[in-house]
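# Observations on the model geometry
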Amino acid sequence: MTAGLSSILDLADQSHSSQRRLFSNEQWDFINQYFDRKLRLKEFPLNAAVINTITIIKNTLDLSNDFDAVKNYVGKMKIKHVN
């Protein structure tokens, strides 16, 4: 952002060259802890089929970067688990 006028605080960028430079370390830590508590999402366990599918997708993309194969695999898994 060039003008710096959006009034949105970017907490994803934790580098010292980011908006963090506008705050002391204590203030920055407080802000992060506050929003971590306020915006925490409940985690739900994934079933084995979902974990297995994610693992296969990740490994396929890591090894071959074959996005079409991944799309085909996901399509087959959707059909298999809908029935």
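Okay, the overall build of the protein next. A count of helical and extended segments in the protein gives three helices and zero strands. Overall, the protein shows an N-to-C arrangement of helices and strands of α-α-α. In summary, the protein has a C-alpha radius of gyration of 20 Å against a globular reference of 12 Å for 83 residues, an excess of more than 25%. Overall, the protein is about 55 × 30 × 20 Å in size when its C-alpha atoms are taken along their principal axes. Among the 83 residues that make up the protein, the fraction classed as buried is 10%. By sequence separation, contacts in the protein at least 24 residues apart represent 9% of the contacts at least 6 residues apart. Total accessible area computed for the protein in this model is approximately 7400 Å², and 58% of it derives from carbon and sulfur atoms. Side chains of the protein give 11 positive and 9 negative charges; the mean places of these two sets differ by 8 Å.

Residues Phe 30, Tyr 34, Phe 35 and Leu 39 make up a contiguous nonpolar surface patch of about 420 Å² in total accessible area. By the secondary structure assignment, Leu 39 is in the loop between α1 (25-38) and α2 (48-64). Leu 39 sits in the exposed class, given a relative accessible area of 59%.

Parameters and conventions
- Residues numbered from 1 in each chain as written.
- Predicted model: local features only at pLDDT ≥ 70, side-chain atom pairs only at ≥ 80, totals over all residues.
- Heavy atoms only, no water.
- Helix = DSSP H or I, 4+ residues; strand = E, 2+ residues; numbered from the N terminus.
- Rg over C-alpha atoms; globule rule 2.2 N^0.38 Å.
- Buried < 20%, exposed > 50% of the residue type's maximum accessible area, 1.4 Å probe, protein only.
- Contact = heavy atoms within 4.5 Å.
- Areas by Shrake-Rupley, 256 points an atom, 1.4 Å probe, with all protein chains shown as cover.
- Lys, Arg positive; Asp, Glu negative; His and termini not counted.
- Charge placed at Lys NZ, Arg CZ, Asp CG, Glu CD.
- Patch = residues over 30% accessible without salt bridge, like charges linked within 9 Å, V, L, I, M, F, W, Y side chains within 5 Å.
- Salt bridge = Lys/Arg side-chain N within 4 Å of Asp/Glu carboxyl O.

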